[in-house]
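Coordinate analysis (summary)
Here is how the chains run, residue by residue.
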Amino acid sequence: MREQYRSVPLLESDVAATPMDQFARWFKAAAERGLPEPNAMVVSTADPRGRPSSRTVLLKHYDDRGFVFYTNYGSRKGTEIAANPYVSLLFPWHRIARQVVVTGTAARVGRDETAAYFRTRPHGSQLGAWASEQSAPLASREELIGRYEELAARHPEGEQVPVPPQWGGFLVTPETVEFWQGHENRLHDRLRYTRAGEAWRLERLCP
């Protein structure tokens, strides 16, 4: 099971001065190519003993600060981040033979930022954030549906749903951002930005 990647070389002279500007270029290209959910990313965390866990979440915002996603703070990733803020993000854009790998630290965003995003979610998704005690054991799917239906009766469509106190955003501030471009014969391009104070250092890595 092997595929030969055929791509245009990724050269140092062609990339942006900062990783977030370069990410914006690649994210735009991924969206324009019609990739399914280009904002899907794998978030990897580790508990205090160093045991890792990974899951796919959706990137909801990015800017010069870094990358923002939302979750239940009581979930496995939420509790692991509380104990160990070092995380990794992976954007696996297989169809265009590209991936972006981020390492950095995660911290909660402010409640105003969380509330502003929560208001943009569909009504059902707002109720779902209340219904699910994410990562907690659940006796049956019927129990989850029952919670949701109870909330739907309490907060019908068109009525404002309060923001769950245990739910909110994490901002991942990058320390390194690697851009990987696949090529034939495993001669891939790997360009990595590393934070150096207020600036960024760019280096090429062996594939």
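One can find the structure itself at the top, above this paragraph.
Keep in mind the model is a prediction, meaning the values are calculated, not measured.

The rules we used
Residues numbered from 1 in each chain as written. Predicted model: local features only at pLDDT ≥ 70, side-chain atom pairs only at ≥ 80, totals over all residues. Heavy atoms only, no water. Helix = DSSP H or I, 4+ residues; strand = E, 2+ residues; numbered from the N terminus. Buried < 20%, exposed > 50% of the residue type's maximum accessible area, 1.4 Å probe, protein only. Core = buried A, V, L, I, M, F, W, Y, C linked by side-chain atoms within 4.5 Å. Contact = heavy atoms within 4.5 Å. Salt bridge = Lys/Arg side-chain N within 4 Å of Asp/Glu carboxyl O.

1. Notes on the overall build of the chain
Of regular secondary structure, the chain possesses 5 helices and 9 strands. Listing each helix as α and each strand as β along the chain from the N terminus yields α-β-β-β-β-α-β-β-α-α-α-β-β-β. For the C-alpha atoms alone, the extent of the chain along its principal axes is close to 55 × 35 × 35 Å. In the chain, buried positions account for 40% of the 207 residues.

2. Considering unusual backbone geometry
Phi at glutamate 37 is positive, roughly 45°, even though this residue is not glycine. Take glutamate 37: its relative accessible area is 51%, and that puts it in the exposed class. The residue arginine 186 is not glycine, and still its phi comes out positive at about 60°. By secondary structure assignment, the location of arginine 186 is in the loop between β7 (167-181) and β8 (189-196). Residue classification places arginine 186 among the exposed positions, given a relative accessible area of 51%.

3. Here we look at the nonpolar core
With 30 residues, the main nonpolar core has Phe23, Phe67, Phe91, Trp93 and Val100 as its most contacted residues. For this core, the secondary-structure elements that each account for two or more residues are α1 (19-32), β1 (40-46), β4 (66-72), β5 (86-93), β6 (98-108), β7 and β8. With 5 residues, the top contributor of residues to this core is α1. If sequence neighbours within four positions are ignored, phenylalanine 91 has contacts with Phe23, Pro38, Asn39, Ala40, Met41, Leu59, Phe67, Arg98, Gln99 and Val100. Of all hydrophobic cores here, the second largest spans 13 residues; its members include Val109, Tyr117, Leu127 and Trp167.

4. As for the pattern of salt bridges
In this structure the tally under the stated criterion is 11 salt bridges. One salt bridge in this structure joins arginine 49 and aspartate 47, with 3.7 Å as the shortest N-O distance. Between arginine 154 and glutamate 150 there is a salt bridge, with the nearest N and O atoms lying 3.0 Å from each other. With arginine 154 and glutamate 150 both in helix α5 (residues 141-154), this residue pair falls 4 residues apart, about one helical turn. One salt-bridge network, in which partners are shared between bridges, spans Glu12, Asp189 and Arg204.

5. Things to note about the environment of leucine 138
Inspection of the secondary structure puts leucine 138 in the loop between α4 (123-131) and α5. Linking leucine 138 and alanine 115, residues 23 residues apart in sequence, is a C-alpha distance of 27 Å. Leucine 138 has contacts with Glu143, Leu144 and Arg147, leaving out every residue within four places of it along the chain.

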